[in-house]
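Listed here are the chains, written in short residue letters.
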Amino acid sequence: MTLPFESGVRVTSPFGMRPDPFTGASSVHGGIDLVPLREGDLTVRAAVPGSVVQSRMVTDPMNRTSEWGNYVSLFGDDGRVYYYCHLASRAVSQGDRVEAGQPIGIEGRTGRSTGVHLHFEVRQDGVPVDPSPLIGVENVPGAEKSPPAWYDEAARWAVREGILRGTDDGLALDEPCTRGMMVVFLHRLWKKLRQT
Ligand SMILES: [Zn+2]
């Protein structure tokens with residue numbers, strides 16, 4: 001599974017029973033609240049490949065879905081349904097096919113939210129399940145999960161080869177990126193992937 005934030009995730013509120021952040025009463029938290037490990041990494045990404053079931057904002061306060069603000073739900077190829085909530089904006093539409101890692105929106109605080117974070121909820125047969133084992137993070141506040149080591153390795157290789165430029169805080173294709181450069185990039189990448 002691809003992490004919902006490229007830089008990694010930190011848990012701000014775990015899945016399960018917790019005091020409601022607004023009322024203090026004990027309630028069930030159907031998802032896990034996440035923020036990116038690197039400040040400014042606001043792009044929310046699909047965890048698994050699938051198709052977009054809903055991409056919307058419900059404003060009717062009688063509909064509890066309004067608590068999610070701007071949200072995207074994906075029917076994953078693994079049969080689970082993934083909800084990405086409180087988004088500032090959405091980048092996909094109902095019916096779209098998405099690949100793992102594809103941007104689906106921008107982290108925000110729309111709906112019933114005490115601050116900027118991603119409410120990440122996973123349902124199996126309609127029932128919310130603990131998402132923490134799926135993304136490999138502990139279900140406790142402050143727990144962190146970094147992206148796999150090959151992310152950094154691949155990025156460093158592309159910088160060494162002059163394909164990408166930048167630092168750990170952000171990489172870009174060396175500009176201007178012509179069609180020819182893109183073909184060279186893809187060819188080198190293809191050769192590299194064949195070696196591994
Ligand atoms: Zn939440």
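Owing to the predicted nature of the structure, the values given are computational and were not obtained by experimental measurement. (Residues numbered from 1 in each chain as written. Predicted model: local features only at pLDDT ≥ 70, side-chain atom pairs only at ≥ 80, totals over all residues. Heavy atoms only, no water.)

Regarding the overall build of the protein chain
Phase 1: Helices and strands together make up the secondary structure of the protein chain, namely 3 helices and 16 strands.
Phase 2: Seen along its three principal axes, the alpha-carbon backbone of the protein chain occupies a region of about 55 × 35 × 30 Å.
Phase 3: For the protein chain, with 196 residues in total, the buried portion stands at 38%.
Phase 4: For the protein chain, the proportion of contacts with a sequence separation of at least 24, taken over those separated by at least 6, is 59%.
Phase 5: For the protein chain, the computed accessible surface area is about 10,900 Å², with 52% contributed by carbon and sulfur atoms. (Helix = DSSP H or I, 4+ residues; strand = E, 2+ residues; numbered from the N terminus. Buried < 20%, exposed > 50% of the residue type's maximum accessible area, 1.4 Å probe, protein only. Contact = heavy atoms within 4.5 Å. Areas by Shrake-Rupley, 256 points an atom, 1.4 Å probe, with all protein chains shown as cover.)

Some points on the layout of surface pockets
Phase 1: In this structure, the second largest pocket occupies an estimated 610 Å³ of space.
Phase 2: Along the walls of the second largest pocket sit 28 residues, with Arg18, His29, Glu67, Trp68 and His119 positioned nearest its centre.
Phase 3: The set of elements that each furnish at least two residues to the lining of the second largest pocket consists of β1 (9-13), β3 (26-29), β4 (32-36) and β12 (118-124).
Phase 4: When grouped by side-chain class, the residues that make up the lining of the second largest pocket number 7 nonpolar, 13 polar and 8 charged. (1 Å grid on protein atoms, 1.4 Å probe; cavity = no way out; pocket = protein on both sides within 12 Å on 5 of 7 lines; lining within 4 Å. Points joined across faces, edges and corners; volume = space filled by probe spheres on them. Nonpolar A, V, L, I, M, F, W, Y, C, P; charged D, E, K, R; others polar.)

A word on the coordination of the zinc ion
Phase 1: Binding of the zinc ion to the protein goes through His29 (NE2), Asp33 (OD) and His119 (ND1), at separations of 2.0 to 2.1 Å.
Phase 2: Each donor residue of the zinc ion belongs to the same chain, and together they define the spacing H-x3-D-x85-H. On the criterion of sequence distance, the pair formed by His29 in strand β3 and His119 in strand β12 is long-range, its members being 90 residues apart. Across the pair, exposure class does not vary: His29 and His119 are buried alike. (Donors = N, O, S within 2.8 Å, 3.2 Å for Na, K, Ca; no water.)

A look at the domain arrangement of the protein chain
Phase 1: Split into domains, the protein chain comes out as domain 1 (9-145) and domain 2 (149-195).
Phase 2: The distance between the C-alpha centroids of domain 1 and domain 2 comes to 31 Å. (Domains from an automatic or database assignment.)

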